[in-house]
Amino acid sequence: GAVVSQHPSWVICKSGTSVKIECRSLDFQATTMFWYRQFPKQSLMLMATSNEGSKATYEQGVEKDKFLINHASLTLSTLTVTSAHPEDSSFYICSHPSAYNEQFFGPGTRLTVL
Amino acid sequence: QKEVEQDPGPLSVPEGAIVSLNCTYSNSAFQYFMWYRQYSRKGPELLMYTYSSGNKEDGRFTAQVDKSSKYISLFIRDSQPSDSATYLCAMRVGQGAQKLVFGQGTRLTINP
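A. Expanded view of the pairing of strand E5 (residues 45–51) of chain B. Residue and element names in this part refer to chain B. Buried residues dominate E5, accounting for five of its seven residues. As judged from the six bridges shared by strand E4 (residues 32–38) and E5, these two strands associate in the antiparallel manner. Within E5, the position partnered with tryptophan 35 by the bridge is methionine 48.

Next comes the structure, spelled out in structure tokens:
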């Protein structure tokens, strides 16, 4: 299957700071990537669709000015959580569709905001 | 009502048992159905991918889709302790870069 990496795997930050999470597709050029958030013992909730070379599409209820997405190349999408607060603490996971329309996920980034 | 309903469990069975995991859904437009396995604090791993109704088998895993009942299942035969994880069903309407809708996930424990 496709290989997707995320960096960092775990980040702790102070309230009010910004955190950038990288999602890389290692073996597939992805024009589209997806960003999900997963709270403990809950399912994945789609936050936004990242489109290479254009603006991201955000799901209802997700603040686009707080969760900045940049998809500057076919192998890299970044999610920046701006002015993070404790309620933003969660597990953030990216994914991309393969050539066969399956979707492959990264290992996730655990964000803890103090 | 959620688009996809999945019993969160937890489900605990002895090693070697047959496990049945299920999801129901309300959107009749869903055509592509997936099962993912997720270990604690890891990203989901694709287990099975099926299109429309029918069965698909891969080793100890069998996926079933019944579109008329809006019901999908994942069966695990000869369950192993290493199968202990959260299993998520997911589905989407169309091909390509279409967003997935996930079930809540079922936490499964296989006891040695």
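Read on, since the account is not over.
B. Spatial organisation of the environment of A:Ser77. All names here are of chain A. Mapped onto the elements, serine 77 comes out in strand E8 (residues 76–81). Apart from residues no more than four positions distant in its own chain, serine 77 is found in contact with Ile21, Glu22, Cys23, Met33, Trp35, Ser50, Ile69, Asn70 and His71. For serine 77, the side chain forms a polar contact with the side chain of tryptophan 35, separated by 3.0 Å.

C. Focus on the sheet that holds E8(A). Residues and elements named next belong to chain A. On the basis of which strands lie adjacent, the open sheet formed by four strands has the order E1-E3-E8-E7 and antiparallel pairing. Sheet topology places strand E1 (4–7) and strand E7 (67–73) at the edges, where each strand pairs with a single neighbour. Each neighbouring strand pair of the sheet contributes to a mean axis angle of 15°, computed without reference to strand direction. In the sheet, E1 pairs with strand E3 (residues 19–25) via four bridges, with the strands oriented antiparallel. Of the residues in E3, the one forming a bridge with serine 5 is arginine 24.

D. Examining the interface of chain B and chain A more closely. Of the residues lining the interface, 20 residues belong to chain B; the matching set on chain A comes to 22 residues. A buried area of about 1,700 Å², summed over both sides, lies between chain B and chain A, and 55% of it is on carbon and sulfur atoms. In this assembly, chain B and chain A are joined by one salt bridge. When the shortest N-O distance is used, the salt bridge between A:Glu59 and B:Lys99 registers 2.8 Å. Inspection of the chain B/chain A interface yields five residue pairs in polar contact (both at pLDDT 80 or more). Contributions of two or more residues to the side of chain B that touches chain A are made by E4, E5 and strand E9 (85–92) of chain B.

E. Main features of the state of the cysteines. Inspection of every chain in the model, using the stated rule, returns two disulfides over all chains. Across the disulfide from A:Cys23 sits A:Cys94; the S-S distance is 2.0 Å. Here the disulfide of A:Cys23 and A:Cys94 is right-handed, its torsion about the S-S bond being about 80°. Of this pair, A:Cys23 sits in strand E3 while A:Cys94 sits in strand E9 (residues 90–97); the two residues are 71 residues apart in sequence, bridging distant segments of the chain. Comparing A:Cys23 with A:Cys94, the two get one shared label, buried. Sulfur-sulfur distance for the disulfide between B:Cys23 and B:Cys89 comes to 2.0 Å. The sign of the -100° torsion about the S-S bond sets the B:Cys23-B:Cys89 disulfide as left-handed.

F. How the structure looks around the packing of aromatic side chains. By the definition in use, this model includes 10 aromatic pairs over all chains. Centre to centre, the rings of A:Tyr36 and B:Phe102 are 5.6 Å apart; their planes meet at 90°, and the pair counts as edge-to-face. Taken as a pair, A:Tyr36 in strand E4 (residues 32–38) and B:Phe102 in strand E10 (residues 101–102) lie in two separate chains rather than in one. Grouping residues by exposure puts A:Tyr36 and B:Phe102 together as buried. Taken together, A:Tyr36, A:Phe105, B:Tyr36 and B:Phe102 form an aromatic cluster joined through their ring pairs. Above the face of the B:Tyr32 ring, B:Arg92 is positioned so that its terminal group lies 4.9 Å from the ring centre.

G. The arrangement of a nonpolar patch on the surface in detail. Residues and elements named next belong to chain A. A cluster of nonpolar side chains, contributed by Trp10, Ile12 and Leu114, occupies part of the molecular surface with about 360 Å² of accessible area. Relative to the helices and strands, isoleucine 12 is located in strand E2 (residues 10–13). Exposure remark for isoleucine 12: the relative accessible area of 52% places this residue in the exposed category.

H. Representation of the confidence of the model for chain A in the model. Considering every residue of chain A, the mean pLDDT works out to 91; 96% of them sit at 70 or more. Across chain A, the secondary-structure element scoring lowest on mean pLDDT is strand E10 (residues 103–105) of chain A, at 88, and the one scoring highest is strand E11 (residues 109–113) of chain A, at 97.

Cut-off values and rules
- Residues numbered from 1 in each chain as written.
- Chains lettered and ligands numbered in written order.
- Predicted model: local features only at pLDDT ≥ 70, side-chain atom pairs only at ≥ 80, totals over all residues.
- Heavy atoms only, no water.
- Buried < 20%, exposed > 50% of the residue type's maximum accessible area, 1.4 Å probe, protein only.
- Helix = DSSP H or I, 4+ residues; strand = E, 2+ residues; numbered from the N terminus.
- Pairing = 2+ DSSP bridges.
- Contact = heavy atoms within 4.5 Å.
- Polar contact = N/O pair within 3.5 Å; in protein donor to acceptor, adjacent residues only side chain to side chain.
- Axes fitted to C-alpha atoms, helices over the stretch in contact; angles between N-to-C directions.
- Buried area = accessible area lost by both parts, 1.4 Å probe.
- Salt bridge = Lys/Arg side-chain N within 4 Å of Asp/Glu carboxyl O.
- Disulfide = S-S within 2.5 Å.
- Phe/Tyr/Trp six-rings, centres within 6.5 Å; stacked < 30°, edge-to-face > 60°.
- Lys NZ or Arg CZ within 6 Å of the ring centre and 35° of its normal.
- Patch = residues over 30% accessible without salt bridge, like charges linked within 9 Å, V, L, I, M, F, W, Y side chains within 5 Å.
- Areas by Shrake-Rupley, 256 points an atom, 1.4 Å probe, with all protein chains shown as cover.
- pLDDT = per-residue confidence, 0-100.

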